[in-house]
Amino acid sequence: MLRRHGIEENRQYALGLARAFGGAIIFAFPLLMTMEMWWLGFYMDRLRLAIFLLTALPLLVGLSYYAGFEDTFRWRDDLMDALSAYAVGFIAVVAVLTLMSIITLDQTWREIVGKITLLVVPASMGATLARSQLGGAKSAESEQRERQASYAGELFLMMAGALFVAFNVAPTEEMILIAYMMTEWHTLALAVASLVMLHAFVYTVGFGGQEDYPGSFFSVLLRFTIVGYAIALLVSLYVLWTFGRTDAIGIIEIAKITIVLGFPGALGAALARLVL
Amino acid sequence: MSDRNLPDKHRDAHQKGRAPEKKTPALEWIASALGLILVVGVLGLILYDAFDEDTLPQLKAQAGPITLVNGRYLVQIIVRNHGGSSAAAVNVQGTLKRDGKTIERSSTTFDYVPAHSNAKGGLFFTQDPRAYELQLEAKAYMEP
């Protein structure tokens, strides 16, 4: 059915898909090989899992807009890219989990669907990011959009970065354990360290590629660092809630775990610009 | 790239004409449609699961084949969870009895038995379980 003049476009698109497949595996393999992820997949609250899947879609659309694995011109294309990234992530996750015998045919569909759904989110994010990381040719338009990203766009990218990095460690027991081991003073110091680190990245790396940081020291501190850290903490709290880590835990402990996870979250927010 | 070097002016004009409006490759439609089907399908399954009755774990241990391994008797067991919640650290105990008297005990702990799912394991006995009455019981679990 492919018309003759469509062959080249299809070939290019197939290349993009292959690149996305590689990206999905590269970005998701630490989580694919984390046992807490498989367990969470079947025992975590189903509604929270459904909400998480629904949160991921607009995130993929936004990421596709800034760094899609295909040149995108229109809103419809970004949505299509997000959906195809989901398909690629899904296939990559199923392939790897099957290879490693983490999903087998004698498991029930509930168990299999749970394991896959949770892991497809980081995999499809990886599929979307593959364009900016693996394919040398990033579209000039995406590049320009990235440079000219609005303030809201910058915050979106920080959120995506925070989610991705925090998500990589959030399922492990260690997050809870670290929070239990730390005193209130440790927690406070970690929060300050996260802020300083985030600011250092924002300040030296600069937002908008390698441009000068916009505005004075205090302006950047307030508009990017503080807000960025708040986003990292909110994302951390959301991920912890999704995984049921906040259930039946006192509010002080929740705050501590959130700050612990906020550390990689802040790192992700700071690095979002470098990765994209 | 090589296309541009072709002396085929007709083709050049054709390409230029289409340049502003990008044509969506058929493959893109296929990939996106597959993504949409997967999203809707997975979401449907999870929501079905979510609104399914959320009952307590119902654990039942059953004995499978018995084999002699290195001078000991291995009873393969399967634990089924018919309930709507997953169970962690599921302790299963096997007891060999004769006339109400306990001859031998063996137990194991399963990390997880997901809701509506199975987990497999085995218990070793020095006595032949076939010569006695074998009782299998899921004794305890933890909420994950």
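Residues numbered from 1 in each chain as written. Chains lettered and ligands numbered in written order. Predicted model: local features only at pLDDT ≥ 70, side-chain atom pairs only at ≥ 80, totals over all residues. Heavy atoms only, no water.

If you tally the helices and strands in chain A, you get 11 helices and 0 strands. Sequence-ordered secondary structure for chain A, helices as α and strands as β, is α-α-α-α-α-α-α-α-α-α-α. Here chain A holds 276 residues, and 56% of them are scored as buried. Pairs at least 24 residues apart make up 81% of the contacts formed inside chain A by residues separated by at least 6 positions. Carbon and sulfur atoms make up 71% of the accessible area of chain A, which amounts to about 12000 Å² in all. (Helix = DSSP H or I, 4+ residues; strand = E, 2+ residues; numbered from the N terminus. Buried < 20%, exposed > 50% of the residue type's maximum accessible area, 1.4 Å probe, protein only. Contact = heavy atoms within 4.5 Å. Areas by Shrake-Rupley, 256 points an atom, 1.4 Å probe, with all protein chains shown as cover.)

Another point: helix H8 (residues 174–181) of chain A. Taken as a whole, H8 of chain A has its buried residues at Met175, Ile176 and Ala179 of chain A. The buried residues of H8 of chain A occupy an angular sector of 95° when projected down its axis, which confines them to one face. (Arc of directions from axis to C-beta.)

Glancing now at the interface of chain A and chain B. Many authors give the size of an interface as the accessible area that is lost as the parts come together. Taken together, the 39 residues of chain A in the interface contact 37 residues of chain B. Counting each side, the surface lost to burial between chain A and chain B is near 3500 Å², with a carbon and sulfur contribution of 69%. Across the contact surface, chain A and chain B share 3 salt bridges. Linking chain A with chain B are 8 residue pairs in polar contact (both at pLDDT 80 or more), by the criterion used here. (Buried area = accessible area lost by both parts, 1.4 Å probe. Salt bridge = Lys/Arg side-chain N within 4 Å of Asp/Glu carboxyl O. Polar contact = N/O pair within 3.5 Å; in protein donor to acceptor, adjacent residues only side chain to side chain.)

Here chain A averages 86 in pLDDT, while 84% of its residues score no lower than 70. Within chain A, the element-level pLDDT minimum falls on helix H6 (residues 140–147) of chain A, averaging 61, and the maximum on helix H4 (residues 75–99) of chain A, averaging 93. (pLDDT = per-residue confidence, 0-100.)

Moving on, we get to the pattern of salt bridges. For the structure on display, the rule yields 10 salt bridges over all chains. Of the charged contacts in the structure, one is a salt bridge between arginine 46 of chain A and aspartate 49 of chain B, with a shortest N-O distance of 3.9 Å. Of this pair, arginine 46 of chain A sits in helix H3 (residues 46–67) while aspartate 49 of chain B sits in helix H3 (residues 26–51), which puts the two residues in different chains. Of the two residues, arginine 46 of chain A and aspartate 49 of chain B, both sit in the buried class. The residue aspartate 247 of chain A makes a salt bridge to arginine 48 of chain A at a minimum N-O spacing of 3.2 Å. Of this pair, aspartate 247 of chain A sits in the loop between helix H10 (217–242) and helix H11 (251–275) while arginine 48 of chain A sits in helix H3; the two residues are 199 residues apart in sequence, bridging distant segments of the chain.

A few words now on the side chain of serine 106 of chain B. Residues and elements named next belong to chain B. Note on placement: serine 106 falls in strand S4 (residues 101–113). The buried category is assigned to serine 106, whose relative accessible area is 13%. Reaching out from serine 106, the side chain makes a polar contact with the backbone oxygen of phenylalanine 124 at a distance of 3.2 Å. Filtering out sequence-adjacent residues up to four positions away, serine 106 remains in contact with Val92, Gln93, Gly94, Leu123, Phe124 and Phe125.

Before going further, it helps to examine the environment of threonine 67 of chain B. Residue and element names in this part refer to chain B. Among the secondary structure elements, threonine 67 is positioned in strand S1 (residues 59–69). Taking the relative accessible area as the measure of exposure, threonine 67 reaches 36% and is therefore partly exposed. Residues threonine 67 and aspartate 128, spaced 61 residues apart in sequence, show a C-alpha to C-alpha distance of 9.4 Å. Setting aside chain neighbours within four positions, we find threonine 67 in contact with Arg72, Tyr73 and Leu74.

Within a beta sheet, neighbouring strands are joined by backbone hydrogen bonds and run either parallel or antiparallel to one another. Residue and element names in this part refer to chain B. Taken in spatial order, the 3 strands make up an open sheet running S4-S3-S6, and their pairing is antiparallel. The outermost strands of the open sheet, each flanked by one partner alone, are S4 and strand S6 (133–142). Ignoring which end each strand starts from, the neighbouring axes of this sheet average 20° apart. With 11 bridges connecting them, strand S3 (residues 87–98) and S4 associate as antiparallel partners. Bridging from a neighbouring strand, asparagine 91 pairs with threonine 109 of S4. (Pairing = 2+ DSSP bridges. Axes fitted to C-alpha atoms, helices over the stretch in contact; angles between N-to-C directions.)

The next subject is the pairing of S1 of chain B. Summarising the sheet, S1 of chain B and strand S2 (residues 72–81) of chain B pair through 9 bridges and their orientation is antiparallel. By the bridge assignment, valine 69 of chain B is partnered in S2 of chain B with arginine 72 of chain B.

Counting residues in hydrophobic clusters, the biggest one holds 90 residues, and the most contacted among them are Tyr86, Val93, Leu97, Ile116, Leu118, Phe167 and Phe243 of chain A. The contacts of tyrosine 86 of chain A, once residues within four sequence positions are left out, are Leu53, Val120 and Ser124 of chain A together with Gly35, Leu38, Val39 and Val42 of chain B. With 15 residues, the next largest nonpolar core counts Val90, Val92, Phe110 and Ala119 of chain B among its residues. (Core = buried A, V, L, I, M, F, W, Y, C linked by side-chain atoms within 4.5 Å.)

In this section: the side chain of serine 236 of chain A. Residues and elements named next belong to chain A. Considering the arrangement of structural elements, one finds serine 236 in helix H10. At 3.4 Å, the side chain of serine 236 forms a polar contact with the backbone oxygen of leucine 261. Beyond its immediate stretch of four places on either side in the chain, serine 236 contacts Thr258, Leu261 and Gly262.

Next up on the list: the sheet that holds strand S5 (residues 117–125) of chain B. Residues and elements named next belong to chain B. Spatially, S1-S2-S5 is the arrangement adopted by the 3 strands of the open sheet, whose pairing is antiparallel. Strands with a single pairing partner mark the edges of an open sheet, and in this sheet they are S1 and S5. Across the sheet, the mean angle separating the axes of adjacent strands is 20° when strand polarity is ignored. Relative to S5, S2 runs antiparallel, the two being bridged by 9 bridges. Bridged to tyrosine 73 within S5 is phenylalanine 125.

Right, let's get into the packing of helix H7 (residues 151–169) of chain A against H10 of chain A. Residues and elements named next belong to chain A. The interhelical angle for the contact between H7 and H10, taken along N-to-C directions, is 45°, at an axis separation of 9 Å. Taken together, the axis directions place H7 and H10 in an arrangement best described as oblique. Where H7 crosses over H10, the handedness of that crossing is right-handed. Counting all contacts with H7, which are made through Tyr151, Glu154, Leu155, Met158, Met159, Ala162, Leu163 and Phe167, the residues of H10 involved are Arg223, Phe224, Val227, Gly228, Ile231, Ala232, Val235 and Val239. For the contact of H7 with H10, the residue count by class is 13 nonpolar, 1 polar and 2 charged. (Parallel < 35°, antiparallel > 145°, perpendicular 65-115°, else oblique. Left-handed = near helix turned anticlockwise from the far one by under 90°. Nonpolar A, V, L, I, M, F, W, Y, C, P; charged D, E, K, R; others polar.)

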